[in-house]
Amino acid sequence: MSKSEIKNLIKITDLSKDEIDHLIEIADQIEANPKGFSEMCRHKKLATLFFEPSTRTRLSFTAAMMELGGDVLGFDDAGSSSATKGESVSDTVVMAGCYADIIAMRHPKEGAPVIASQKTTVPLINAGDGGHFHPTQTLTDLLTISRKKQLGNFTIGLCGDLMFGRTVHSLIEALLRYEGIKFILISPPELRLPKYVKDEMDEAGAEWTECEALEDAMPDLDILYMTRVQRERFFNEEDYVRLRDSYILTLDKLKTAKDDMIIMHPLPRVNEIAVEVDDDPRACYFYQALCGKHIRMALILYLLGLK
Ligand code: NCD
């Protein structure tokens, strides 16, 4: 592939709405007939370069490539890479492109994947950059919503750490392209959504409100998207300890929720959803993790030009 033909995924708006629909369609075909896809990436390699911890994202990328018949190489800890010797992220990524056909990269610094993508010779996927973006989690969320509800005409409550939660930022950007969505932003005052995302919502003419009490929003919600307070992005531990248990979803709190509301969470959860909620039919966060594998399979195929 020449440099101009390489398609990267750094932020969710790098994909058009039609491209997202296409990925959702492939993911649904994969779910219906996984065997039909099991040889498609034979002799292809995915490099997973994780400079920041991850469980689901890295495992689902790995599982996705394996189910496509391909191989995976990489590291899951910057400490075991040449970053400790002072190698730049760009150099690591260019080097990985010599060994792999596609790269998924996670980095604690906002913008690191954009810089890296200027040098790569193979498609680069941002698997999360600091408190910025997480486009493949958004694809996962869109696939989950499309399978459980429909993409449009619902009220979604985004609850928890809206300041540092990159999954929320990317999801909002994606949902702004669909019709009839009302956003309720539920957070403590200290963890409100950043202004640049609110500005994007205003520019798109989105309907949104902000509140602090989850109970106030609950009866109106079709989707409740819970998030973890992002400890690693706090400047001091005291603030984290004060805010970490701002929201704990329990069966009791769900009493006023709609029967067909769905509860989503990008995971990992800490305390924000009590384990008793897992058996409630509205809980779909583990199903969401499964959707993450299907959509990453679709994305790999698409960026490699195979679908
Ligand atoms: C999220 C992330 O890394 O931003 N996790 C994930 O990829 N599923 C959410 C989080 O860490 O809270």
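If you're wondering where the values come from, they're calculated on a predicted model, not measured in any experiment.

Student: Can you walk me through the packing of aromatic side chains in this structure?
Tutor: Where two aromatic rings form a pair, the distance of their centres and the angle of their planes describe that pair. As enumerated under the stated definition, the model contains 2 aromatic pairs in all. The interplanar angle of 85 degrees and the centroid separation of 5.2 Å between the aromatic rings of phenylalanine 51 and phenylalanine 75 together place this pair among those described as edge-to-face. On the criterion of sequence distance, the pair formed by phenylalanine 51 in the loop between β1 (45-50) and α2 (56-67) and phenylalanine 75 in strand β2 (residues 71-75) is long-range, its members being 24 residues apart. Like phenylalanine 51, the residue phenylalanine 75 is buried in the burial classification. The ring of tyrosine 287 carries lysine 148 above its face, with NZ or CZ at 4.7 Å from the centroid. For arginine 296, the ring lying beneath its charged end belongs to phenylalanine 61, and the centroid distance is 5.1 Å.

Student: Just checking my understanding: could you explain the environment of glutamate 67 for this structure?
Tutor: Along the polypeptide, glutamate 67 turns up in helix α2. A relative accessible area of 32% means that glutamate 67 is categorised as partly exposed. On a C-alpha basis, the gap between glutamate 67 and proline 34 in space is 7.9 Å, while along the polypeptide they are 33 residues apart. Setting aside residues up to four positions removed in sequence, glutamate 67 forms contacts with Phe37, Ser38, Lys293 and Met297.

Student: Explain the site of the ligand to me, please; I cannot follow it from the model alone.
Tutor: Surveying the vicinity of the ligand reveals the residues Arg56, Thr57, Arg106, His134, Gln137, Arg166, Thr167, Arg228, Gln230, Pro266, Leu267 and Pro268. Taking glutamine 137, its side chain carries an N or O atom lying 3.2 Å from a nitrogen atom of the ligand. Contact with the protein chains removes 94% of the 310 Å² of surface that the ligand exposes when unbound. Those elements that place two or more of their residues in the shell around the ligand are α2 and α6 (166-175).

Student: Help me understand the sheet that holds strand β6 (residues 181-186), please; the structure alone is not making it clear to me.
Tutor: The pairing of strands in a sheet comes from backbone hydrogen bonds and takes either a parallel or an antiparallel form. The 5 strands are arranged β7-β6-β5-β8-β9 in an open sheet whose pairing can be described as parallel. Edge positions in the sheet fall to β7 (207-211) and β9 (262-264), since each has one partner strand and no second. Geometrically, the sheet is characterised by an average inter-axis angle of 20 degrees between neighbouring strands, direction not taken into account. The pairing of strand β8 (residues 223-226) with β9 spans 3 bridges and is parallel.

Student: Just checking my understanding: could you explain the packing of α6 against helix α7 (residues 195-203) for this structure?
Tutor: Helix-helix packing is characterised by the crossing angle of the two axes and by the distance between the axes. Axis separation between α6 and α7 bottoms out at 10 Å; the angle between their running directions is 10 degrees. When the axis of α6 is compared with that of α7, the two are roughly parallel. Counted together, His169, Ile172 and Glu173 of α6 and Tyr196, Val197, Glu200 and Met201 of α7 form the full contact between these two elements. Residue composition of the contact of α6 with α7, grouped by class: 4 nonpolar, 1 polar and 2 charged.

Student: Would you take a moment to explain helix α10 (residues 285-303) for this structure?
Tutor: Side chains that are three or four residues apart share a direction in an α-helix, a result of its 3.6 residues per turn. Compared with an ideal rise of 1.5 Å per residue, which puts 19 residues at 27 Å, α10 spans 26 Å between its outermost C-alpha atoms and is within 8% of the ideal. For α10, the tally of buried residues reaches 14 of 19 residues, placing the bulk of the element in the interior. In the stretch just after α10, glycine 305 is the one whose phi turns positive, near 75 degrees.

Student: Explain the side chain of asparagine 8 to me, please; I cannot follow it from the model alone.
Tutor: Looking at where asparagine 8 falls in the secondary structure, it is placed in the segment before α1 (17-32). Within the structure, asparagine 8 has its side chain in polar contact with the backbone nitrogen of leucine 124 (distance 2.8 Å). Filtering out sequence-adjacent residues up to four positions away, asparagine 8 remains in contact with Asp14, Ser117, Thr120, Val122, Pro123 and Leu124.

Student: Could you clarify how one ought to interpret the nonpolar core in this entry?
Tutor: Buried together is how nonpolar side chains tend to be arranged in soluble globular proteins. By size, the foremost hydrophobic cluster in this structure holds 56 residues, and its most contacted members are Leu139, Ile156, Leu158, Ile172, Leu175, Phe183 and Ile300. With 8 residues, α10 is the largest single contributor of residues to this core. Domain assignment of the residues forming this core places at least three in each of domain 1 (3-134 + 292-303) and domain 2 (136-289). For leucine 175, the residues in contact, after removing those within four places along its chain, are Leu142, Leu151, Phe154, Ile156, Ile181 and Phe183. Residues Ile184, Leu221, Leu224 and Leu249 belong to the second largest nonpolar core, which totals 21 residues.

Student: I keep staring at the domain arrangement of the protein chain and nothing clicks. Help me out?
Tutor: How large an interface is tends to be reported as the accessible area lost when its parts come together. As far as domains go, the protein chain holds domain 1 (3-134 + 292-303) and domain 2 (136-289). Each of domain 1 and domain 2 has a C-alpha centre, and the two are 25 Å apart. Between domain 1 and domain 2, the residue contacts involve 34 residues of the former and 27 residues of the latter. Considering only the surface of domain 1 that becomes buried against domain 2, Ile12, Arg56 and His134 emerge as the three largest contributors, covering 27% of it. Across the contact surface, domain 1 and domain 2 share 4 salt bridges. A salt bridge links arginine 147 to aspartate 28, with the shortest nitrogen-to-oxygen separation between them at 2.8 Å. Linking domain 1 with domain 2 are 17 residue pairs in polar contact (both at pLDDT 80 or more), by the criterion used here. Put simply, the parts of the chain that give the side of domain 1 that touches domain 2 at least two residues each are α1, α2, β4 (124-129) and α10.

Quick notes on the rules
Residues numbered from 1 in each chain as written. Predicted model: local features only at pLDDT ≥ 70, side-chain atom pairs only at ≥ 80, totals over all residues. Heavy atoms only, no water. Phe/Tyr/Trp six-rings, centres within 6.5 Å; stacked < 30°, edge-to-face > 60°. Helix = DSSP H or I, 4+ residues; strand = E, 2+ residues; numbered from the N terminus. Buried < 20%, exposed > 50% of the residue type's maximum accessible area, 1.4 Å probe, protein only. Lys NZ or Arg CZ within 6 Å of the ring centre and 35° of its normal. Contact = heavy atoms within 4.5 Å. Near = heavy atom within 4 Å. Polar contact = N/O pair within 3.5 Å; in protein donor to acceptor, adjacent residues only side chain to side chain. Areas by Shrake-Rupley, 256 points an atom, 1.4 Å probe, with all protein chains shown as cover. Pairing = 2+ DSSP bridges. Axes fitted to C-alpha atoms, helices over the stretch in contact; angles between N-to-C directions. Parallel < 35°, antiparallel > 145°, perpendicular 65-115°, else oblique. Nonpolar A, V, L, I, M, F, W, Y, C, P; charged D, E, K, R; others polar. Expected span 1.5 Å × (residues − 1). Core = buried A, V, L, I, M, F, W, Y, C linked by side-chain atoms within 4.5 Å. Domains from an automatic or database assignment. Buried area = accessible area lost by both parts, 1.4 Å probe. Salt bridge = Lys/Arg side-chain N within 4 Å of Asp/Glu carboxyl O.

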